[in-house]
Amino acid sequence: MDEKKAKFYQSYANLPLELRSEICLVIDGEPITWNVAKLEIDTDTAKGNEILQKLFDLLILK
């Protein structure tokens, strides 16, 4: 999971600031922005782990 987090942080750091408030995926009908994803991943929540996994499953991150 640490490798996935590292790839997420690298991609997040390269996102333009205005794109960070854009929706990157939807989980259980709830839109998740890049900023929300980072917050969840930073705090190592179950939702953060789910977000991280889905970003890789959908090939948004590789």
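Coordinates for the structure precede this section.
Residues numbered from 1 in each chain as written. Predicted model: local features only at pLDDT ≥ 70, side-chain atom pairs only at ≥ 80, totals over all residues. Heavy atoms only, no water.

Student: I keep staring at unusual backbone geometry and nothing clicks. Help me out?
Tutor: Backbone geometry follows two general trends: most residues other than glycine have a negative phi, and most peptide bonds adopt the trans configuration. Although it is not a glycine, D44 sits at a positive phi angle of roughly 55°. By the secondary structure assignment, D44 is in the loop between α2 (34-42) and α3 (46-57). Overall, the relative accessible area of 46% leaves D44 in the partly exposed class. A positive phi angle, close to 60°, is found at L59, a residue other than glycine. Relative to the helices and strands, L59 resides in the segment after α3. (Helix = DSSP H or I, 4+ residues; strand = E, 2+ residues; numbered from the N terminus. Buried < 20%, exposed > 50% of the residue type's maximum accessible area, 1.4 Å probe, protein only.)

Student: Before we go on, may I ask you to explain the pattern of salt bridges in this structure?
Tutor: One side chain can pair with another of opposite charge once the charged atoms of both are near each other. Inspection of every chain in the model, using the stated rule, returns four salt bridges. Taking the shortest distance from any N to any O, the salt bridge between K7 and E3 comes out at 3.9 Å. Separated by four residues within a single helix, K7 and E3 lie in helix α1 (residues 2-14), roughly one turn from each other. Judged by its relative accessible area of 30%, K7 is partly exposed. Using a relative accessible area of 57% as the deciding quantity, one classes E3 as exposed. Between D44 and K5 there is a salt bridge, with its nearest N and O atoms 3.2 Å apart. Of this pair, D44 sits in the loop between α2 and α3 while K5 sits in helix α1, and the two are 39 residues apart along the sequence. (Salt bridge = Lys/Arg side-chain N within 4 Å of Asp/Glu carboxyl O.)

Student: How should the packing of α1 against α3 be read in this particular structure?
Tutor: Two quantities define a packed helix pair, namely the angle between the helix axes and the distance between the axes. Running from N to C, α1 and α3 cross one another at 75°; their axes reach a closest spacing of 11 Å. By the criterion of interaxial angle, the relationship of α1 to α3 is roughly perpendicular. Together, K4, K5, K7 and F8 of α1 and L52, Q53, L55 and F56 of α3 make up the contact between the two elements. Partitioned by chemical class, the residues of the contact of α1 with α3 number four nonpolar, one polar and three charged. (Axes fitted to C-alpha atoms, helices over the stretch in contact; angles between N-to-C directions. Parallel < 35°, antiparallel > 145°, perpendicular 65-115°, else oblique. Contact = heavy atoms within 4.5 Å. Nonpolar A, V, L, I, M, F, W, Y, C, P; charged D, E, K, R; others polar.)

Student: Where do I start with the side chain of T33 in this structure?
Tutor: When you line up the elements, T33 lands in strand β2 (residues 30-33). When near neighbours in sequence (up to four residues on either side) are disregarded, T33 contacts R20, S21, E22, I23 and C24.

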